[in-house]
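Examination of the molecular architecture
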Amino acid sequence: MRGPGLAALLGLIAFAASAASASGTYRPPPPPPGLGAVQRRDFVLGRALFEGMDVLGRSGKSCADCHGSDASAAFSRDALKRESERLVEKINHCIGDESRIQGPVLEPASEDLLALVSYLVTHYALPETVLQTLRRPAGKPAK
Ligand code: HEC
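1. A closer look at the overall build of the chain
In terms of regular secondary structure, the chain is built from seven helices and zero strands. Ordering the α and β elements of the chain from the N terminus gives α-α-α-α-α-α-α. The buried share of the chain, taken over its 143 residues, is 17%. The long-range share in the chain, meaning contacts at least 24 apart out of those at least 6 apart in sequence, stands at 51%.

This is the structure in structure tokens:
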């Protein structure tokens with residue numbers, strides 16, 4: 001192989017290598033800048049759950065299999081914004097569904113649910129009010 005073809009191939013190899021660490025495992029990109037420590041932690045956990053690095057249910061599917069940018073039910077910001085009042089119900093519907101995640105539904109104040117919603121709020125620039133309804137003041141028992 002000669003000329004531009006070889007250069008393109010080498011470029012592709014360099015790109016592929018940069019996406020993997022020395023041990024060959026995938027390293028996700030860093031969270032977006034400007035997040036506080038708690039938001040960063042929730043974003044990273046939420047993204048792992050969404051993309052399937054952390055497993056939520058028994059189906060072996062992840063949210064991204066259906067809602068990732070190239071998937072059949074890819075999210076749009078407008079649709080998520082319209083559903084923002086019902087986000088928790090919608091998430092739990094997909095988690096409980098036998099043909100989707102097949103998992104136990106998440107408690108409103110659980111780490112996993114907070115993380116998933118934080119990830120969606122940050123990634124799709126949804127109103128922060130979506131999150132405020134989920135975060136209970138410390139020490140206040142769940143109803
Ligand atoms: C097997 C495919 C599949 C999987 C896996 C799945 N969903 Fe869904 N989800 C859908 C479909 C189809 C809809 C739209 C119709 C409906 O509401 O049932 C939807 C709707 C939604 C909505 C409402 C917004 C909209 O665009 O309609 C949210 C929020 C959502 N899903 C979140 C999640 C999350 C979070 C996960 C992972 C924990 C997940 N879903 C896993 C198929 C899936």
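Further notes follow.
2. Regarding the site of the ligand
By nearness alone, 20 residues border the ligand, and C63, C66, K90, C94 and R100 come closest of all. Every element with two or more residues in the shell around the ligand is listed here: α3 (63-67), α4 (77-82) and α5 (87-96). For the shell around the ligand, the element with the highest residue contribution is α5, accounting for five residues.

3. Some thoughts on α5
Taken together, the buried positions of α5 are occupied by L87, I91, C94 and I95. Burial along α5 is one-sided: seen end-on, the buried residues are contained in an arc of 100°. Packed against the buried residues of α5 are α6 (111-123) and α7 (129-132).

4. Some points on helix α2 (residues 37-51)
The terminal C-alpha atoms of α2, which comprises 15 residues, lie 21 Å apart, in line with the 21 Å expected from a rise of 1.5 Å per residue. Of the positions making up α2, those classed as buried are D42, F43, G46, R47, L49 and F50. Burial along α2 is one-sided: seen end-on, the buried residues are contained in an arc of 160°. On its buried face, α2 sits against α3 and α6. Remark: G52 follows α2 within two positions and exhibits a positive phi of approximately 95°.

5. Some words on the nonpolar core
In terms of nonpolar packing, the biggest core is built from 19 residues, with I95, L116, V117 and Y119 touching the most fellow members. Mapped by element, the contributors of at least two residues to this core are α2, α5 and α6. Ranked by residues supplied to this core, first place goes to α6 with eight residues. With residues up to four places along the chain from it excluded, the contact list for V117 reads L87, V130, L131 and L134.

6. Observations concerning the environment of T133
Tracing the backbone through its elements, the reader meets T133 in the segment after α7. Judged by the 13 C-beta atoms lying within 10 Å of it, T133 is partly exposed. Taking the C-alpha atoms as reference points, T133 and P108, separated by 25 residues in sequence, lie 9.5 Å from one another.

7. A look at unusual backbone geometry
The phi dihedral of Q102 is positive, around 60°, even though this residue is not glycine. Along the polypeptide, Q102 turns up in the loop between α5 and α6. Here A125, not a glycine, exhibits a phi torsion of approximately 50°, which is positive. Note on placement: A125 falls in the loop between α6 and α7. For A125, a count of 11 C-beta atoms within 10 Å translates into the label exposed.

8. A short note on the confidence of the model for the chain
Residues with a pLDDT of 70 or more make up 80% of the chain, whose mean pLDDT is 86. Between the elements of the chain, mean pLDDT differs from a low of 61, seen in helix α1 (residues 3-19), to a high of 98, seen in α3.

Each value, and the rule that gives it
- Residues numbered from 1 in each chain as written.
- Predicted model: local features only at pLDDT ≥ 70, side-chain atom pairs only at ≥ 80, totals over all residues.
- Helix = DSSP H or I, 4+ residues; strand = E, 2+ residues; numbered from the N terminus.
- Buried ≥ 20, exposed ≤ 12 C-beta atoms within 10 Å, placed from the backbone.
- Contact = placed C-beta atoms within 7 Å.
- Near = placed C-beta within 6 Å.
- Arc of directions from axis to C-beta.
- Expected span 1.5 Å × (residues − 1).
- Core = buried A, V, L, I, M, F, W, Y, C linked by C-beta atoms within 7 Å.
- pLDDT = per-residue confidence, 0-100.

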